[in-house]
Amino acid sequence: MSSKKQVYLAGPFFSPEQTKRLDQVAMLLAENPTIDSSAIFRPGDHSYPDAEFGTFEWQTATFNIDIRQIDQADVVVAMLDYRHEEGLTEPDSGTMWECGYAVAHHKPVILVRYREDLPINLMLTGSATAIFNGANDIANLASYDFFTLQNKYVQTDVY
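Per an unreviewed UniProt entry, the chain goes by the name Nucleoside 2-deoxyribosyltransferase family protein and belongs to Latilactobacillus fuchuensis DSM 14340 = JCM 11249.

(A) How the structure looks around the side chain of Arg21. When you line up the elements, Arg21 lands in helix 1 (residues 16-31). Relative accessible area serves as the criterion here: at 7%, Arg21 is assigned to the buried category.

(B) The nonpolar core, seen in detail. Counting 22 residues, the largest nonpolar core has Val25, Leu29, Val77, Ile110, Val112, Leu141 and Phe146 as its most contacted members. At the level of secondary structure, the elements contributing two or more residues to this core comprise strand 1 (5-10), helix 1, strand 2 (35-41), strand 3 (75-79), strand 4 (109-113) and strand 5 (130-133). Not counting residues within four places of it along the chain, the set of residues in contact with Val77 comprises Val7, Tyr8, Leu9, Ala10, Val25, Leu29, Ile110, Val112 and Phe146. One finds Ile70, Ala73, Ala128 and Ile131 within the second-largest nonpolar core, a separate group that totals 19 residues.

(C) Representation of empty space enclosed by the protein within the structure. Taken as a whole and assessed by the stated rule, the structure comprises one cavity of 30 Å³ or more. Estimates place the volume of the largest cavity at around 110 Å³. Along the wall of the largest cavity there are 15 residues; nearest its centre are Leu80, Thr89, Pro91, Arg113 and Leu118. Along the lines of polarity and charge, the residues of the lining of the largest cavity split into eight nonpolar, three polar and four charged.

(D) Highlighting the sheet that holds strand 1. Taken in spatial order, the five strands line up as 2-1-3-4-5 in an open sheet, and their pairing is parallel. In the strand order of this sheet, the two ends are held by strand 2 and strand 5, each with one partner. Pairs of neighbouring strands in the sheet enclose a mean axial angle of 25°, with direction left out of account. The sheet contact formed by strand 3 and strand 4 spans four bridges and is parallel. Its bridge partner being in strand 4, Val76 is matched across the sheet by Val109. Where helix 2 (residues 56-72) meets the sheet, its contacts fall on strand 1, strand 2 and strand 3, and the angle it forms with strand 1 comes to roughly 140°.

Thresholds, definitions, all that
- Residues numbered from 1 in each chain as written.
- Predicted model: local features only at pLDDT ≥ 70, side-chain atom pairs only at ≥ 80, totals over all residues.
- Heavy atoms only, no water.
- Helix = DSSP H or I, 4+ residues; strand = E, 2+ residues; numbered from the N terminus.
- Buried < 20%, exposed > 50% of the residue type's maximum accessible area, 1.4 Å probe, protein only.
- Core = buried A, V, L, I, M, F, W, Y, C linked by side-chain atoms within 4.5 Å.
- Contact = heavy atoms within 4.5 Å.
- 1 Å grid on protein atoms, 1.4 Å probe; cavity = no way out; pocket = protein on both sides within 12 Å on 5 of 7 lines; lining within 4 Å.
- Points joined across faces, edges and corners; volume = space filled by probe spheres on them.
- Nonpolar A, V, L, I, M, F, W, Y, C, P; charged D, E, K, R; others polar.
- Pairing = 2+ DSSP bridges.
- Axes fitted to C-alpha atoms, helices over the stretch in contact; angles between N-to-C directions.

Below you can see the structure in the form of structure tokens.
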């Protein structure tokens, strides 16, 4: 069997609710025996310290760090839930860009969302290796085999 898998955990981290969802997913991934729990990269946890937030230097460094981490990862796990507490249904655009980059570079993408009653964009569902849809299904991340990466689809409305 090959070594445990490195994960790039993509998703918004701009509110306490978003961070809580990412924390829950990270915990499930850390419990998974096919995942290297020390190699779960969360972009929000790795801020560039040598420049002020938002400056061009900070933006460039942050972009480059994230790209390098996607390149090093074996799989991208992406949280689709974004600002649904505010009634908005679109996923975070940065997270979706990370998914597109990963697919273009032949990295498997696992989609995760707690809010299961919304449609998912056709391009996202078409690019996903697996979709974990709803809190009960997300719990299965702890036992999903990231070595075989079995396809897992969910019947949902698309747009």
